Amino acid sequence: DRLSRSGTRFENFFCVSPVCSPARASLLTGRIPSQHGVHDWITAGNLDQSAVSDNLKNDPEYRAETKPIEYLAGYTAYTDLLAQQGYACGLTGKWHLGHSMLPQKSFSYWYAHTKGGGPYFNAAMIENGMIVREPGYITDVITDHAVSYIREKYAKPAPFYLGVNFTAPHSPWDRENHPAELFDEYFKNCAFTSCPDLPFHPWQTKGLAATGDQRRRQLAGYFAAITALDMNVGRILDTVESLGIRDRTLIFFTSDNGMNMGHHGIWGKGNGTFPQNMYDTSVKVPAIISLPGHVPAGAVNTDLLSHYDFFPTLCDYLGMPNPEADSLPGKSFAPLLRGEPLSGCDSIVVFDEYGPVRMIRNREWKYIHRYPHGPHELYHLSVDPDEEKNLIDEPHFQNISSRLRHDLGSWFLRYADPRIDGSRESVYGSGQISLAGLKGGGESAYNGPRQLLRKE
């Protein structure tokens, strides 16, 4: 709320893929997964085996590690361009794009999670090239490092960039993983009216799905994680304001993907189902941009925008050269940050992909295509915003689905790299273990199918 009052909140902002690693890679590089090759959450290639053996040999979560993989090697990130302009670049928290021990993409400060998530207490973090176990609540600890970095860089003349990448509100959500006072307050007193209690979706995968008392515990932990994150965003704002640099500090708050906590009968994000889903609850993300005195304060924008638009926007807004412009699918929305209208916004569409599942969406319609055989989906969003009625088999709407299918195919044909095209990848939502497509040298790049939650 404090960020929204001092900046612009975007109501229709979308991730590029509804799961963490590909979404983060796309935000950082401005490229879609079929351009950078990260198609699923990364389960292997984060650490080398010697590091695992020495530091985490009894931890079953690291048994899959064999060799480090730098998944974004050869791709330009916006942090690379910032560094070229003299910015010091720091990262505290989640990286989850492979070879976690190695500072990448021009980050000179590197306090990174070894993987993408895990326990909130005693988390395995990388500091000064060593793996350490942090006894504190990791959301607080990530912020501690962020505050220290800001204070250090404030005293120096060079401009700085900081990525504060919380693991929250990712599972686990049990009481032992979160501040007890927050968990108990929600568990005892919250009605959780924003999270529908519906029958499980027929494609729901095993893992997070919960009913009864367990549902309430899951939601209490999830809400506690978000509240703790919110408090720590406040700590960062306090720090920037106390140093007197708030009106010189551009802040972008967003999430790497959406989340279903019972919505549509799903527990999870895009891979909360198999085949993967593209509901708005999975692909829409919070987004606030704030720079007091410059970005319109208290504004609410409803244009359809995507994480792949952020790279060109940042370059445009900072007046920074963008040598990647011709190969990136996104468009700058910097005029909005200057209080100017965005031209041609009525015709804007957004695209998403998760392996062989692809989406095209405008203000009125959403079409989802699953290669090679479906099932496909069509929703009339202007009359069915909750996506409850799939119209794909309705004869009256065949022309619409055909047009959207054509536009979807044309867009991906323009931008997808055929060597790592997601429509040709066997992505199940169970994790990526190697480089995609031809870059993987013929090795299997993904874990096998997820198990569905089926009632006997």
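Just so we're clear, the structure is a prediction, and the values are computed from it rather than from any experiment.

(A) Helix α12 (residues 398–415), seen in detail. A rise of 1.5 Å per residue sets the reference length of α12, with its 18 residues, at 26 Å; its end C-alpha atoms lie 26 Å apart and thus fit the reference within 8%. Along α12, the residues classified as buried are Ile400, Ser401, Leu404, Leu408, Trp411, Phe412 and Tyr415. Angular distribution of buried residues about the axis of α12 spans 95°; they occupy a single face of the element. With respect to the buried face of α12, the exposed residues turned more than 90 degrees away are Asn399, His406, Leu413 and Arg414. Turning to α12, the residues buried within the fold contact α3 (33–36), β15 (350–354), β16 (357–361), β17 (365–370) and β18 (377–380).

(B) Quick look at the packing of helix α7 (residues 180–189) against helix α8 (residues 212–242). Running from N to C, α7 and α8 cross one another at 135°; their axes reach a closest spacing of 8 Å. Viewed along their axes, α7 and α8 adopt a mutual orientation that is oblique. In terms of crossing hand, the pair formed by α7 and α8 is right-handed. Two secondary-structure elements touch here, α7 through Leu182, Phe183, Tyr186, Phe187, Lys188 and Asn189 and α8 through Asp213, Arg216, Arg217, Ala220, Gly221, Phe223, Ala224, Thr227, Ala228 and Met231. Of the residues contributing to the contact of α7 with α8, the split by class is nine nonpolar, three polar and four charged.

(C) Highlighting the packing of aromatic side chains. Considering all chains together, one arrives at 29 aromatic pairs under this definition. Residues Trp411 and Phe412 carry aromatic rings whose centres are separated by 5.0 Å and whose planes lie at 80° to one another, so their mutual orientation is edge-to-face. The lysine or arginine in question, Arg216, covers the ring of Phe187, its NZ or CZ lying 5.9 Å from the ring centre. Cation over ring: Arg358 sits above Phe412, and NZ or CZ is 3.9 Å from the ring centre.

Definitions and cut-offs
- Residues numbered from 1 in each chain as written.
- Predicted model: local features only at pLDDT ≥ 70, side-chain atom pairs only at ≥ 80, totals over all residues.
- Heavy atoms only, no water.
- Helix = DSSP H or I, 4+ residues; strand = E, 2+ residues; numbered from the N terminus.
- Expected span 1.5 Å × (residues − 1).
- Buried < 20%, exposed > 50% of the residue type's maximum accessible area, 1.4 Å probe, protein only.
- Arc of directions from axis to C-beta.
- Contact = heavy atoms within 4.5 Å.
- Axes fitted to C-alpha atoms, helices over the stretch in contact; angles between N-to-C directions.
- Parallel < 35°, antiparallel > 145°, perpendicular 65-115°, else oblique.
- Left-handed = near helix turned anticlockwise from the far one by under 90°.
- Nonpolar A, V, L, I, M, F, W, Y, C, P; charged D, E, K, R; others polar.
- Phe/Tyr/Trp six-rings, centres within 6.5 Å; stacked < 30°, edge-to-face > 60°.
- Lys NZ or Arg CZ within 6 Å of the ring centre and 35° of its normal.

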